Amino acid sequence: LPTGQGLSQVPPAQSPYSVGQIPAPIPNIGSHIIFNQKLGALGLHYFQRVVPIAMERAIKDIMAPIVQRSVTIATQTTKELVLKDYAMESDESRVYNAAHLMVASLAGSLAHVTCKEPLRGAITNQLRNSFQGLNIGTELLEQAVPLVTNDNLDLGCAVIENAATEKALQTIDGEITQQLSLRRKHREGVGPYYDASIYTQGPMGVIPEALRPRPGHLSHSQQRVYEDFVRFPWQNQSGQSSNAVPAGPPAASSGPGSSGLSRTYASSSGQLSPGFYSTGTGATGLSATQPLDLISEDMDPTSAQFLSGSSSRIGVMDG
Amino acid sequence: NSSAANPAGAQVNKERKLASAENLVLELSNPELRENALLELSKKRELFQDLAPLLWNSFGTIAALLQEIVSIYPVLSPPNLTPAQSNRVCNALALLQCVASHSETRMLFLNAHIPLYLYPFLNTNSKSRPFEYLRLTSLGVIGALVKVDDTEVISFLLSTEIIPLCLRTMEMGSELSKTVATFIVQKILLDDVGLDYICTTAERFFAVGRVLGNMVAALAEQQSTRLLKHIIRCYLRLSDNPRACDALRNCLPDMLKDATFSSCLREDPTTRRWLQQLLHNVGGNRVAAFQAGGGFDHMLVN
């Protein structure tokens, strides 16, 4: 439910600021700052001058290490997974495309989730500093600071998310180019565009045909997995915040962005009806016949799937 | 589905299981089928042999599981995770635990830095049930990693700062997630690299010592033998380090020295022995610490 609603209410193109539109590192932030009407009522009109500066400083205070860490992690993950999954791909542009989609999404998501609480603290600090020399009553300040912070936290997160996305996109090509050029040389030298021994032996050999990366091109559904990284998780936020910042698609990604929009992917309520599977593979039938070894000790679980999870978690403890 | 109602012989069953696992893994890459595939696979993952290599080597499966993880980041703060969302991502985490447990996939899993995507789940504050499930399941993945006593795993976790996240859960989690978090700290301490890490600075030692002490105090109110066992093992291992042993003379909770937990440990001779050894180590003479170059008090002054 949060997915569809959020997206239909705020299409990325019409949003006041989407991540893709904000140039890194800090945009003309003043024009995006939300100025709560209550501040005017409190007689704090001059906040409009002070808040953009405090926001910029707060973002600068915390951004660099968070962006760096997020980009490092996302780059490593993307390199390992894309090179693995696209081991049989002869069209390098497809490999780069998948890597761009993945690294942008992972780096942006990590940066956003990591920066939120530190940024809240940094904004609060900067606002307090800004007002230190001014003659504002403590009580008034205690009202105004959380108001401004809450109103603009998502904006700051979007700026940092965007910075991570941009940097990740700049970084990833350098990380995979060498490996891809080795593959290219191998293709040109040996003839076939993939290493047949990788395909039939080694870890891939035990993987059933349908699940393997295939020599040549991937199936549509296989490719779609990486295209799904264009899903802007922060757009799926339900209306808990009056000004949730919709994060636009990463500027440099060339994937079909629209494909992610119609999906029920992130919907938590998507309990599919059994009939949906009746034409399927029979895979669902197994559950009734297989009693699970459910060791729950003193847990009081309400759901079977959690129980099954807890058995191995508790199993962990025996070592 | 009639085949489900009539289980056939073992061999047929095994083949069907395999085919079923393959189909379910295939369905993971389809967003419309994924939720059910996650549920079915995580329920049956113990029945499928070598599910982990299948998950790792099949196209796009790990990427799809990562999408499940990052897709709930937006509901962590402010805390808006629903039970359905929590169950779904916990099913994805259960599959990653499979990958973390398997010897063929463990290092690939680490090398791709996948555990780091779980860290935001350990950094949450909410004590509500969906968050508690999420915390516990995430700790289960880390627990599966440390269970194998591999220094490389320990070094990875230390370098990514898992300790503060474990301490956080040990302070505010449920009894079960406290137990898993303490188990992880115990496994890290049992490795020499881990013991050195914790005892390198006074701040680290006292951060761990304070949290362990708080848990002991809380256990006096509500006893838990399995949690106490891991706490005592942590203390005992810390006492192997001369400086930490010296510091424990002052900060080991008195409740471990008196009869507070004697009934709790009555049925557990191993833990009783650990506790005796701990008290012996801490009660010994102080020469060792001074030979090692001074205790934490000295370091704190600097």
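Scope of this entry: the structure provided in the associated data block.

## A closer look at the overall build of chain B
Broken down by element type, chain B carries 19 helices and zero strands. In chain B, buried positions account for 62% of the 302 residues. Partitioning the contacts of chain B with sequence separation of at least 6, the portion at a separation of at least 24 is 75%. With an accessible surface of roughly 11300 Å², chain B has 50% of that area assigned to carbon and sulfur atoms.

## Considerations on the overall build of chain A
Assigned secondary structure in chain A consists of nine helices and zero strands. From first element to last, N terminus to C terminus, chain A shows the α and β order α-α-α-α-α-α-α-α-α. Residues classed as buried in chain A amount to 52% of the 319 residues present. Long-range contacts, defined here as pairs at least 24 residues apart, represent 77% of the contacts in chain A between residues at least 6 apart.

## Quick look at the packing of helix H10 (residues 151-159) of chain B against helix H13 (residues 192-199) of chain B
All names here are of chain B. Contact pair H10 / H13: the axes reach a minimum separation of 9 Å and the direction vectors enclose 25°. The orientation of H10 with respect to H13, classified from their angle, is roughly parallel. Touching Thr 151, Ile 154, Ser 155 and Leu 158 of H10 are Val 193, Gly 194 and Tyr 197, all from H13. In terms of residue class, the contact of H10 with H13 is made up of four nonpolar, three polar and no charged.

## Re the nonpolar core
Residues Ile 160 and Tyr 226 of chain A together with Tyr 117, Ile 162, Ile 163 and Leu 238 of chain B are the most contacted members of the largest nonpolar core, which totals 172 residues. Leave out the neighbours within four places in its chain, and Ile 160 of chain A touches Ile 59, Ile 62, Met 63, Ile 66, Val 67, Ala 111, Cys 115 and Leu 119 of chain A.

## Topic: the environment of Ser 29 of chain B
On the secondary structure map, Ser 29 of chain B appears in the loop between helix H2 (10-28) and helix H3 (31-44). Here Ser 29 of chain B falls in the buried class, since its relative accessible area comes to 10%. With 36 residues separating them along the chain, Ser 29 of chain B and Leu 65 of chain B place their C-alpha atoms 8.9 Å apart. Residues within four places of Ser 29 of chain B in sequence aside, it is in contact with Ser 221 and Val 225 of chain A together with Arg 34 of chain B. For Ser 29 of chain B, the side chain forms a polar contact with the main-chain oxygen of Leu 26 of chain B, separated by 2.9 Å.

## Concerning the environment of Glu 22 of chain B
Within the secondary structure, Glu 22 of chain B sits in helix H2. Each C-alpha atom of the pair Glu 22 of chain B and Tyr 119 of chain B lies 29 Å from the other, and the pair is 97 residues apart in sequence. When near neighbours in sequence (up to four residues on either side) are disregarded, Glu 22 of chain B contacts Pro 208 and Leu 211 of chain A together with Leu 54 of chain B.

## Brief notes about unusual backbone geometry
Residue and element names in this part refer to chain B. Here the bond from Ser 77 into Pro 78 is cis, since omega is -5°, no more than 30 degrees from zero. With a phi angle near 55°, Asp 50 is a residue other than glycine that sits in the positive phi range. Relative accessible area serves as the criterion here: at 48%, Asp 50 is assigned to the partly exposed category.

## A closer look at the packing of H3 of chain B against helix H6 (residues 83-101) of chain B
All names here are of chain B. Viewed as axis vectors pointing N to C, H3 and H6 meet at an angle of 50°, and their least axial separation amounts to 9 Å. Classified by the angle their axes make, H3 and H6 are oblique. The element H3 and its partner H6 pack so that their crossing is left-handed. Of H6, the residues touching H3 (which contributes Arg 34, Glu 35, Leu 38, Leu 39, Leu 41 and Ser 42) are Arg 88, Asn 91, Ala 92, Ala 94 and Leu 95.

Rules used in this analysis
Residues numbered from 1 in each chain as written. Chains lettered and ligands numbered in written order. Predicted model: local features only at pLDDT ≥ 70, side-chain atom pairs only at ≥ 80, totals over all residues. Heavy atoms only, no water. Helix = DSSP H or I, 4+ residues; strand = E, 2+ residues; numbered from the N terminus. Buried < 20%, exposed > 50% of the residue type's maximum accessible area, 1.4 Å probe, protein only. Contact = heavy atoms within 4.5 Å. Areas by Shrake-Rupley, 256 points an atom, 1.4 Å probe, with all protein chains shown as cover. Axes fitted to C-alpha atoms, helices over the stretch in contact; angles between N-to-C directions. Parallel < 35°, antiparallel > 145°, perpendicular 65-115°, else oblique. Nonpolar A, V, L, I, M, F, W, Y, C, P; charged D, E, K, R; others polar. Core = buried A, V, L, I, M, F, W, Y, C linked by side-chain atoms within 4.5 Å. Polar contact = N/O pair within 3.5 Å; in protein donor to acceptor, adjacent residues only side chain to side chain. Left-handed = near helix turned anticlockwise from the far one by under 90°.

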